[in-house]
Amino acid sequence: VQAATQQVPVEMLYAFAENHLHNKLQQDPLLDYQLELLTRLTVDFTLPAGEVKLQVGSEPIIRYDMPTQVPVSVYVNGQRFLNISLAYKIKKYDLLLVANKNLSNGETIDFTNVRLEKRESTRDAEYVKSIEEVVGLKLKRSVSVDTVLLKNYLDKPQLIRRGLPVMIISRQGNIEVNAPGIAL
């Protein structure tokens, strides 16, 4: 005896999982992201006849540095018929600070040698997201052109301590006067 069956296209599962991820990710209105399906199923599903309902199993944990698994349960007439986990890569984009040119270890950051650019980011890295927060800081390492700057690449400049010898420099046009002194 052959029972009536129905075909459920895999695209229906993809659309359901992606819609769930979009709803979860859009809770942050400033988040710029892109989804990439990593689990490709090759055939549609044959299910018994009846009302088909899809449900997310456990709530997926959003990850930007590794695949995010979306567990989907397929129910027919209220009975769970199939569980499948779909994997997605979530690419997150932010405005990040990037080197305009090759920068040397010890070089001071200024407005001319860095720029903000939209780049893919991960959750774990300590990105610099504003030029103002790094102007005047020195690099702890050399950085190639178009490299995204991380906070651990930067160091505060050495401050002058009271009582130490300093060189006092005064410039007016083409005239420069230097005099030794003691920091106050």
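Cut-offs applied
- Residues numbered from 1 in each chain as written.
- Predicted model: local features only at pLDDT ≥ 70, side-chain atom pairs only at ≥ 80, totals over all residues.
- Heavy atoms only, no water.
- Phe/Tyr/Trp six-rings, centres within 6.5 Å; stacked < 30°, edge-to-face > 60°.
- Lys NZ or Arg CZ within 6 Å of the ring centre and 35° of its normal.
- Salt bridge = Lys/Arg side-chain N within 4 Å of Asp/Glu carboxyl O.
- Helix = DSSP H or I, 4+ residues; strand = E, 2+ residues; numbered from the N terminus.
- Expected span 1.5 Å × (residues − 1).
- Buried < 20%, exposed > 50% of the residue type's maximum accessible area, 1.4 Å probe, protein only.
- Arc of directions from axis to C-beta.
- Contact = heavy atoms within 4.5 Å.
- Polar contact = N/O pair within 3.5 Å; in protein donor to acceptor, adjacent residues only side chain to side chain.

## Describing the packing of aromatic side chains
Part 1 of the argument: Tallying each qualifying case throughout the model produces zero aromatic pairs.
Part 2 of the argument: The aromatic ring of Tyr14 is capped on one face by Arg40, whose charged end is 5.8 Å from the ring centroid.
Part 3 of the argument: Cation over ring: Lys92 sits above Tyr64, and NZ or CZ is 5.2 Å from the ring centre.

## A few points about the pattern of salt bridges
Part 1 of the argument: A full pass over the atoms with the stated rule returns eleven salt bridges.
Part 2 of the argument: In this structure, the salt-bridge partner of Glu59 is Lys24, at a minimum N-O distance of 3.5 Å. With Glu59 in the loop between β4 (52–56) and β5 (68–76) and Lys24 in helix α1 (residues 10–25), this residue pair connects regions lying 35 residues apart in the sequence.
Part 3 of the argument: For the salt bridge of Glu36 with Lys91, the shortest nitrogen-to-oxygen distance reads 3.7 Å. On the criterion of sequence distance, the pair formed by Glu36 in strand β2 (residues 32–37) and Lys91 in strand β6 (residues 79–99) is long-range, its members being 55 residues apart.
Part 4 of the argument: Linked by salt bridges that have partners in common, Arg115, Glu117, Arg119 and Asp146 make up one network.

## Digging into α1
Part 1 of the argument: Along its 16 residues, α1 runs 23 Å from first to last C-alpha, staying within 8% of the 22 Å computed at 1.5 Å per residue.
Part 2 of the argument: Of all the residues in α1, the buried ones are Val10, Leu13, Tyr14, Ala17, Leu21 and Leu25. All buried residues of α1 fall inside an arc of 100° around its axis, so they share one side.
Part 3 of the argument: On its buried face, α1 sits against β1 (5–8), β2, β3 (45–48), β4, β5 and β6.

## What to know about unusual backbone geometry
Part 1 of the argument: Backbone geometry places Asn77, a non-glycine residue, at a positive phi of 55°.
Part 2 of the argument: Note that Asn77 resides in the loop between β5 and β6.
Part 3 of the argument: In this structure, Asp146 is a non-glycine residue whose phi angle is positive, near 70°.
Part 4 of the argument: Residue class for Asp146 comes out partly exposed when judged on its relative accessible area of 37%.

## Things to note about the environment of Gln34
Part 1 of the argument: Residue placement: Gln34 occurs in strand β2.
Part 2 of the argument: The exposure class of Gln34 is partly exposed, given its relative accessible area of 40%.
Part 3 of the argument: Sequence-distant contacts of Gln34, that is, excluding residues within four places in its chain, are made with Lys89, Ile90, Lys91 and Tyr93.
Part 4 of the argument: Side-chain polar atoms of Gln34 contact the side chain of Tyr93, separated by 3.0 Å.

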